[in-house]
Amino acid sequence: MDNNFDFLVVGLAEFFCADTQYQTLKYPYPDLLRRSCNTLALKMTAIPYPRTLEGLFNLLEKPLQTWYPLDIPKEFDSEYGLIYDKALSEEASQYFYEQLVKRGQLPEFASVKVQQIALENFQFLRLLEKLQEANEKDPDRAQQEYVLLRRFLIMNPHTTLEKLRNTFSQTRYITINDMGELYEDCKENESYWCCDRCGPLIKKHGHLRGIKPSVCNDHRKNLSHVRRISWKQGLRRLKFGIHWRVCLPGIPEIRLFDTLEKLHKQQPEYLCQVQLWPGIDRYDLQLRFGDGSVWAVDVKDYRNPYDLALQLKPIFGEGDLRYDESFYVIPNHRLHQRQDYIDILREEATGLPKSTHLFSDIAFKERVVAKIMHLSKGK
């Protein structure tokens, strides 16, 4: 029973991986889903266990705190449900990828389909480890190729074999095969859609849906940030796990980098350098100023500040990564969703030094501009 929550999440992941239209699925359902549901049927007393699959899915969409009879891991916000629109909810996906896949905690009975998702995650980690090893003897080239890798995945959720060859034919540590393993083939004559804010979209019940609705939930086809991707020979798209764990978090990082890079070009004597993912992604941005001071920045985009608070720790700062001030930066849309977001982080992130600042991306940019103005006045 201690593992029942994990079994339920993995079982649902297996179920929805099998077919996006759940009505077409045949018995038997995934073993872990059946096992976890059997446990729920025995333990639910406050409300009756649903008698139909539709009833079960209606229950799973409700906040867990209103019905789930067993312990809920602290990493999952019980104010939300496990599924949304007949797919894993954003919170369940985050728990699946961040707690189970990333940390290698999948149940041993997970299906081949789920094990394949874990393998996709391992493929990127293996590539990251290769670059980290190269960083010991060839830091400049390793750093250059890591930035090329991450930027390419973020900026090209759809690509072609030809573009992969053209981009990575001269890299020293990244092969074209390495990159090819992070993408999957697109089907001929299918229409594909992509959002500039959250990446590849899926078609669900006649509508376009993003991977993380709390980031972007308006995907009408006539909007400027929604693009149709025409099929062409060799077209590929990011695998779902790579999209979730690599591409999606990188979008606000790239956005902030581009904003600060403009400031650097305008005032290079005061904001001397903005480096992206220094030390092979030890943190997201390193800023060097004209007075010799260095700032370290990590961008975090979580809907739930309590969940994020569990993840925050002192930013690594040894050797070339040393800094004078450190910052965790939150995309401003999170503060629109919850005005007390920063206050909750300050109170709940008990492992974070008081010297680490917490800002929205807009407030952080203002802080950088103020620093530049301070230096320009010679104070």
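For the structure itself, look to the data block above.
Scope of this entry: the structure provided in the associated data block. Not measured: the values here are computed from a predicted model.

Applying the stated criterion across every chain yields a total of 21 salt bridges. Linking Arg245 and Glu98 is a salt bridge whose minimum nitrogen-to-oxygen distance equals 3.8 Å. Taken together, the positions of Arg245 in helix α9 (residues 240-266) and Glu98 in helix α4 (residues 90-101) put the pair 147 residues apart, joining distant regions of the chain. For the residue pair Arg245 and Glu98, the accessibility class agrees, reading buried in each case. The structure contains a network of salt bridges with shared partners spanning Arg150, Glu253 and Asp281.

The next thing to look at is helix α14 (residues 361-376). For α14, which comprises 16 residues, the first-to-last C-alpha distance of 23 Å matches the rise-based estimate of 22 Å (1.5 Å per residue) to within 8%. Residues of α14 that are buried: Phe364, Val368, Lys371, Ile372 and Leu375. All buried residues of α14 lie within an arc of 95° about the axis, which places them on one face of the element. Contacts from the buried residues of α14 go to α9, β8 (271-276), β9 (285-289), β10 (294-299), β11 (325-330) and β12 (356-360). Just beyond α14, the residue with positive phi is Gly378, at close to 70°.

This part is about the sheet that holds β10. In space, the five strands of this open sheet follow the order β8-β9-β10-β11-β12, with mixed pairing throughout. Each having just a single partner strand, β8 and β12 make up the two edges of the open sheet. Within this sheet the neighbouring strands show an average axis-to-axis angle of 25°, counted without direction. Examined bridge by bridge, β8 and β9 share five bridges and lie antiparallel to one another. Its bridge partner lying in β9, Gln273 is registered against Arg288. Seen against the sheet, α14 touches β8, β9, β10, β11 and β12 and runs at an angle of roughly 115° to β12.

How each quantity is defined
Going along each chain's sequence as written, the residues are numbered from 1 onward. Side-chain atom pairs in this predicted model are given and counted only at pLDDT of 80 or more, local residue features only at pLDDT of at least 70, and totals for whole chains, interfaces and linings cover all residues. With hydrogens and water excluded, all non-hydrogen atoms of the structure serve as input to the side-chain values. Salt bridge, as used here: a side-chain nitrogen of Lys or Arg that lies within 4 Å of a carboxyl oxygen of Asp or Glu. Helix numbering and strand numbering both begin at the N terminus, where a helix is a DSSP run of H or I of at least 4 residues and a strand a DSSP run of E of at least 2. Accessibility here uses a 1.4 Å probe with only protein chains present; expressed as a share of the type maximum, an area under 20% marks a residue as buried, one over 50% as exposed, and anything in between as partly exposed. One less than the residue count of a helix, multiplied by 1.5 Å, gives the span that helix is expected to have. Picture the helix axis, draw a direction to every C-beta atom, and the arc is the one those directions span. Here a residue-residue contact requires only that any non-hydrogen atoms of the pair lie within 4.5 Å. Pairing between two strands is assigned when DSSP locates at least 2 bridges connecting them. Inter-axis angles, ranging from 0 to 180 degrees, are taken between N-to-C directions of lines fitted to C-alpha atoms, where helices are fitted over the stretch in contact.

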